[in-house]
Amino acid sequence: MLAQMKHRIDLPAAFIMYGLIMIGIALIYSATHLDQDVFIRNLFHNQLAWVVLGTAAFYITAIIPSRTYYDTAYLFYAFTLLLLVLVVVKGTTAMGATRWIVLGPLRLQPSELAKIGTVFALARYLSSKPVSLEKISSLIVPFAMVMVPMLLIVKQPDLSTALVFCAFTAVMLFWGGLSLAEVFFLLSPILSLILAFHLFLWALFFIILFFTLTRFCRNLSVITIILSLNFMVGIILPMAWGKLHDYQKNRILTFVDPQRDPSGAGYQVLQSQVAIGSGKFLGKGFLEGTQTRLSFLPEQHTDFIFSVLGEQFGFIGCLFVLLLFLALILRLFFLAGEGNNRFLNLCVIGVAAQLVFHICVNTAMTVGMMPVTGLPLPFLSYGGNFLISCMALVGFAASIRKKNQEY
Amino acid sequence: MAAGKFLQENQFSRHAKRRALFITVAALFFVIASRLFYIQILKGDYFYSLSMENMMRQKIIQASRGLILDRNGVILARNRPAYAVSVLYHQVKDRQTLKRTLLQIRDQAGQRIFSEADLNRRFRLAAARRFEPICLADDVSIDVVTIVQEHLQDLPGIIVENETRREYPNKTLGCHFLGYLGEIPEEQFDSLKRYHYHFGDRMGIFGLEKQYESLVRGRDGEEYVMYDAYGREIERVKEMPVVHSEKGNDLYLTIDYRVQKAAEEAFPDSLSGAVVAIDPRNGDILAMLSSPRFDPNWFTLSVKSRTASWGKLVMDPSQPLNNRAVTGVYPPGSTFKLVTTSAALNEHVVGLDEHFKGCTGKFWFGNRPYGCWKKQGHGTVGMIQGVKVSCDVYFYQLGIKTGIDYMAQYARMFGFASKTGIDLPQEASGEVLDEETYNRKFQSRGWVWTKGQELNFSIGQGQTVTPIQLANYVGSLTSRQPLYRPHLFHHSTGPKGEIAQPTREVLHEIRLEDETRQMLYSALKAVMEPGGTGGLARVDSIIVGGKTGTAQNPQGQDHALFVATAPLNTPTIAIAVVVENAGHGGSVAAPIAGKILRTYFNR
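Position numbers for residues start from 1 in each chain and track the written sequence from start to end. Note on labels: chains are lettered from A, ligands numbered from 1, in written order. A pLDDT threshold of at least 70 governs which residues receive local features in this predicted model, and a stricter bar of 80 or more applies before side-chain atom pairs are shown or counted, although totals over entire chains, interfaces and linings include all residues. Only hydrogens and water are removed before side-chain values are computed, so all heavy atoms of the structure are retained for them.

### Here's the deal with the overall build of chain B
Point 1. When helices and strands are counted, chain B shows 21 helices and 20 strands.
Point 2. Across the 603 residues in chain B, those meeting the buried criterion constitute 55%.
Point 3. Should any heavy atoms of two residues lie within 4.5 Å, those residues are counted as being in contact. Pairs at least 24 residues apart make up 71% of the contacts formed inside chain B by residues separated by at least 6 positions. Under the DSSP-based scheme used, a helix requires at least four consecutive residues in state H or I and a strand at least two consecutive residues in state E, with every element numbered from the N terminus. Relative accessibility under 20% of the residue-type maximum defines a buried residue, over 50% an exposed one, and the middle range a partly exposed one, all with a 1.4 Å probe and only protein chains included.

### A few points about helix α21 (residues 585-600) of chain B
All names here are of chain B.
Point 1. To estimate how far a helix should reach, multiply one less than its number of residues by 1.5 Å. The end-to-end C-alpha distance of α21 is 21 Å, a good match for the 22 Å that 16 residues give at a rise of 1.5 Å each.
Point 2. Of the residues making up α21, those classed as buried are Gly585, Gly586, Ala589, Ala590, Ile592, Ala593, Gly594, Ile596, Leu597 and Tyr600.
Point 3. The inward-facing, buried residues of α21 abut α10 (257-266), β11 (273-279), β12 (284-291), β18 (545-551), β19 (559-566) and β20 (573-579).

### Thoughts on helix α9 (residues 180-195) of chain A
Residues and elements named next belong to chain A.
Point 1. By definition, a residue's bend is the angle between the axes fitted to the seven residues ending there and the seven starting there. The sharpest bend along α9 measures roughly 50° and falls at Leu187, with the proline Pro189 sitting one to four residues further on.
Point 2. Restricting attention to buried positions, one finds in α9 the residues Glu182, Val183, Phe185, Ser188, Pro189 and Ser192.
Point 3. In this structure, the buried residues of α9 make contact with α8 (159-176), α10 (199-216) and α11 (220-243).

### Examining the sheet that holds β18 of chain B
All names here are of chain B.
Point 1. Each pair of strands is called paired provided DSSP finds at least two bridges between the two strands. Strand order in the open sheet formed by five strands is β12-β11-β20-β19-β18, with antiparallel pairing between adjacent strands. The open sheet has two edge strands with one neighbour each: β12 and β18. Each strand axis lies, on average, 5° off the axis of its neighbour in the sheet, ignoring direction.
Point 2. Two elements, β18 and β19, share seven bridges in a ladder whose sense is antiparallel. The axes are straight lines fitted to the C-alpha atoms, using for helices just the contacting stretch, and the angles between their N-to-C directions are given from 0 to 180°.

### So, a nonpolar patch on the surface
All names here are of chain A.
Point 1. Each patch is assembled from residues with relative accessible area greater than 30% and no salt bridge, linking like charges that lie within 9 Å and nonpolar side chains (Val, Leu, Ile, Met, Phe, Trp, Tyr) that lie within 5 Å. Residue-level accessible areas treat just the shown protein chains as cover; the underlying method is Shrake-Rupley with a 1.4 Å probe. Any carboxyl oxygen of Asp or Glu that lies within 4 Å of a side-chain nitrogen of Lys or Arg is treated as forming a salt bridge with it. Residues Ile136, Ile140, Val141, Ile225, Leu229, Phe231, Met232 and Ile236 make up a contiguous nonpolar surface patch of about 670 Å² in total accessible area.
Point 2. Of all the secondary-structure elements, those providing two or more residues to the nonpolar patch are α7 (137-154) and α11.
Point 3. When residues in the nonpolar patch are grouped by element, the largest group, five residues, is from α11.
Point 4. Within the secondary structure layout, Met232 lies in helix α11.
Point 5. When its relative accessible area of 46% is taken as the criterion, Met232 is described as partly exposed.

### Side note on the packing of α10 of chain A against α11 of chain A
Each packed pair of helices is defined by two parameters, the angle between the axes and the distance between the axes.
All names here are of chain A.
Point 1. It is the contact of α10 with α11, at a shortest axis distance of 11 Å, that shows an interaxial angle of 175°. Between α10 and α11, the crossing angle belongs to the class labelled roughly antiparallel. Here Leu199, Trp202, Phe205, Phe206, Leu209, Phe210, Leu213 and Thr214 of α10 come into contact with α11, specifically with Ile223, Ile226, Leu227, Asn230, Phe231, Gly234 and Ile235.
Point 2. Taken together, the residues of the contact of α10 with α11 break down into 12 nonpolar, three polar and no charged. Convention used here: angles under 35 degrees read as roughly parallel, angles over 145 as roughly antiparallel, angles from 65 to 115 as roughly perpendicular, and any remaining angle as oblique. Under the grouping applied here, Gly and all other residues not named as nonpolar or charged are polar, the nonpolar ones being Ala, Val, Leu, Ile, Met, Phe, Trp, Tyr, Cys and Pro and the charged ones Asp, Glu, Lys and Arg.

### Comments concerning the state of the cysteines
By definition, a disulfide links the sulfur atoms of two cysteine residues through a covalent bond.
Point 1. Two cysteine sulfurs form a disulfide in these notes if their separation is within 2.5 Å. The final tally for this structure, using the stated rule, is zero disulfides over all chains.
Point 2. Here Cys391 of chain B is not cross-linked by a disulfide; its sulfur's nearest cysteine counterpart is in Cys359 of chain B, at 3.7 Å.

### A look at unusual backbone geometry
Excluding glycine, residues mostly have negative phi values, and the peptide bonds linking residues are mostly trans.
All names here are of chain B.
Point 1. Cis geometry marks the peptide bond from Ser291 to Pro292; its omega dihedral reads 0°.
Point 2. One can find Pro292 in the loop between β12 and α11 (303-315).
Point 3. Phi at Lys171 is positive, roughly 55°, even though this residue is not glycine.
Point 4. Structurally, the position occupied by Lys171 is in the loop between β5 (158-167) and α6 (175-178).
Point 5. The exposure class assigned to Lys171 is partly exposed, which follows from its relative accessible area of 48%.
Point 6. The residue His348 is not glycine, and still its phi comes out positive at about 55°.

### Brief notes about the confidence of the model for chain B
All names here are of chain B.
Point 1. Summary statistics for chain B give a mean pLDDT of 85 and a share of 94% for residues scoring 70 or more.
Point 2. On a scale of 0 to 100, pLDDT captures the predictor's confidence in every residue. Every residue in residues 1-9 is under pLDDT 50, and counting partners more than four places away or in other chains gives 22 contacts.
Point 3. Interface confidence for the predicted complex, given as ipTM, is 0.90, next to a pTM of 0.63.

### A closer look at the pattern of salt bridges
Point 1. Counted by the stated rule, this structure contains 32 salt bridges over all chains.
Point 2. We note a salt bridge from Asp45 of chain B to Lys280 of chain A, for which the minimum N-O separation is 2.8 Å. Taken together, the positions of Asp45 of chain B in helix α2 (residues 44-53) and Lys280 of chain A in the loop between α13 (262-278) and α14 (290-293) put the pair across two chains.
Point 3. The class of Asp45 of chain B is exposed, set by a relative accessible area of 53%.
Point 4. Residue Lys280 of chain A is classed as partly exposed on the basis of its relative accessible area, which comes to 28%.

### Overview of the packing of α10 of chain B against α21 of chain B
All names here are of chain B.
Point 1. Running from N to C, α10 and α21 cross one another at 155°; their axes reach a closest spacing of 9 Å. Taken together, the axes of α10 and α21 lie roughly antiparallel to each other. The two elements α10 and α21 meet at a crossing, and its hand is right-handed. Facing α10, whose interface residues are Arg258, Val259, Ala262, Ala263 and Ala266, α21 presents Ile592, Lys595, Ile596, Thr599 and Tyr600. Crossing handedness: left-handed means the near helix sits turned counterclockwise from the far one by under a right angle, and right-handed means the same turn made clockwise.

Here it is as structure tokens:
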């Protein structure tokens, strides 16, 4: 069995993934075993069940031939869009957001499927069509392809998941033909939005952007579009924001993040930092976390699982897990660079980019470098939909070498 | 196999790109690892001590509420410092022990500060809001604070908070328009949370405190503080964001403290009723009073001492919490006769010197006698004399001749039967019925409009008005100004910006001919002259115009009314006084108006 698997699946990637999953289950147990609620205490059982299902998904995506992925890419994409529309029409609402479709005992989160579907569809398109910033028309289809599911997800609202789309699209466009400078230009409005809080920094950024644009880009209309977009985001948006009433701002902020609670979120991040920091070098030891016991962090088994790790296993433990993640990502990049099948390579790059985005945003949040968003940590956080979709993606990516041989 | 469709990747560019991605990802991970190094290795001890002692909590810095002042800056509402004992539930180690300890605390009189039932209730609440301080005892005295602070180490989770309390230095003065604060109802709290309200906050729930809540309310600050094992504050936690508190705006009212005080002193507390003084040139309310009064300071006392006074207020049959100046409705009585007069003159229904049948104390209409208030009759009177002595029989005849439609139309023009739109949360509109509305209203009872109603209407007994409408109306009779929307807001200053006095808002144009105005002038003036009914409101060297009224009250003794305006040719003040169950307007209500006028004109 293992020999057969070895032939089909990249073993290093699979081992790292299962290693991370096992660490995750231990951490979930540690975070929940003292809870008063029996249901919460038994969550790690559920997670084990999800792992079984995820393994099936992992295996299935590994054995499906690459031709099938290529042929059904658009169909699958259309199907995930349909599910997203279904969420809008009759989804289940929880905590101010409508993200789920309930099927009997299962709560399906179509945005997870949409991430996969969009990667495949985008990979298929980019594998046969050249894209360039010099020719804006070449970017229209890929943009539309990403914008449709993204807007549907923003509407849920689930801004952080929508941002995942930006991340993998940028990386895939880069792989698919854009230069580093071109990707930078495309992402510049987002950077402007971040820098818009500080006028001086923004001005500096704008000047740099202006010179690089005129240096690397010859298409005048592209330059104008990108510069005016940046200007709008950097100057007009903050001005409009200043004109809004407090309650209007609150309404928008609450739309962006339905669980927003200015003091509550800050408290969570601080508690998470206290938990991680108090782990010091070696950690307090497994099941010895004090912050966990006092249940300072209501979402410790999901979004803040990294703080459990930091508290109980210290800097060493965090570094070990980060290195495992890094090894997995680099392995995927390596696999993507090996074969000659452009479609498969693009898919793997998209998968890896997704994982990177999740890992970085989640850990940065728990150590207080980023605002609280609802992005879970791959393989470690509790949650069925996300775990299964991650395992399926890795199953696909880890079998790329075999798939490459199918041609 | 459609392999031809797949572009073969360019090995070189692919590897170069792969290297770029490698570097990017490694750099991102390095940044996160460095941050981990910073908080786990460099600041590890600090966070370790925080996690062990668990002595950090959010501290809310209560923003002070804006002051409320009169137009000249006399303070009507301010804040005083106070202490509260609260619980932070997530720091409570053992609820039962804590409760027992708390129950032992007594103040200097030997009274328990906490009651068991109340503690249980508060703890249940706190369990649901474990990270927010939940108040256990508010407005506690300084000696209790000392006791609690000495025993903080035995009371894990208990904190003493500084807070401010609203204070109304003039006690009952202006209580009805100032209003009061109350705790936010729990069910409303979640919707208010996003406007920076904290649990246990107080908000305006009556009067101007409610009307201008968003303006006078400041924004509370937030910071995180570290505490030592004795529960004393050590320092602010620098890693956490700070929200600075922002004071609320000060609110300047159109009220003139002098005039208000004169009104309060002139109106005995034993009587029920209302007084409104208005500036007819712009609708500024100079004084507003409703009686019986209450002390809004009661509402800011601690829960314990509040309960008794509150019960008394709510149960009081004279309804002291009701602002009679804007929500009390009364028949206008003879004060309405000026509407009848205006309608008759302005529509040229009667000539200036037209005389009706003389008054014999009774007027026969159909087969029913309608009496005049003076049983022995007034004899033959003209219009000015009719107003001066307030002869009912004269106005019966004038009313019949003018007709209900004109009278109702003019009543509405003077602002009756619709809310004035004053800036207070509640207001009554009163009612002016004409034939059509009367029939509609009483359809179910089978009553039909009869011509006899017109007689009652012409002397002000069929309709209801509010004191604020009366003041607004009398001010517009001779002023050649439109009817303005009465208001209490003058201007506001503070962090939310300067808000200037809003421009005057016209409710109705007063379309009266000059002849009509002159006639009204003479009539209003005559009332104040010897032999008139309003002599007690006279002011030296100022021409005051006025009109008394007696509103028939089916439930008891008649209400006394008096309206006045001065100086009569260019009025700067208009007053309405209503005294419930006090008989004649001339003897009870007019002297009150007189005192206010004399204060206003410094006489």
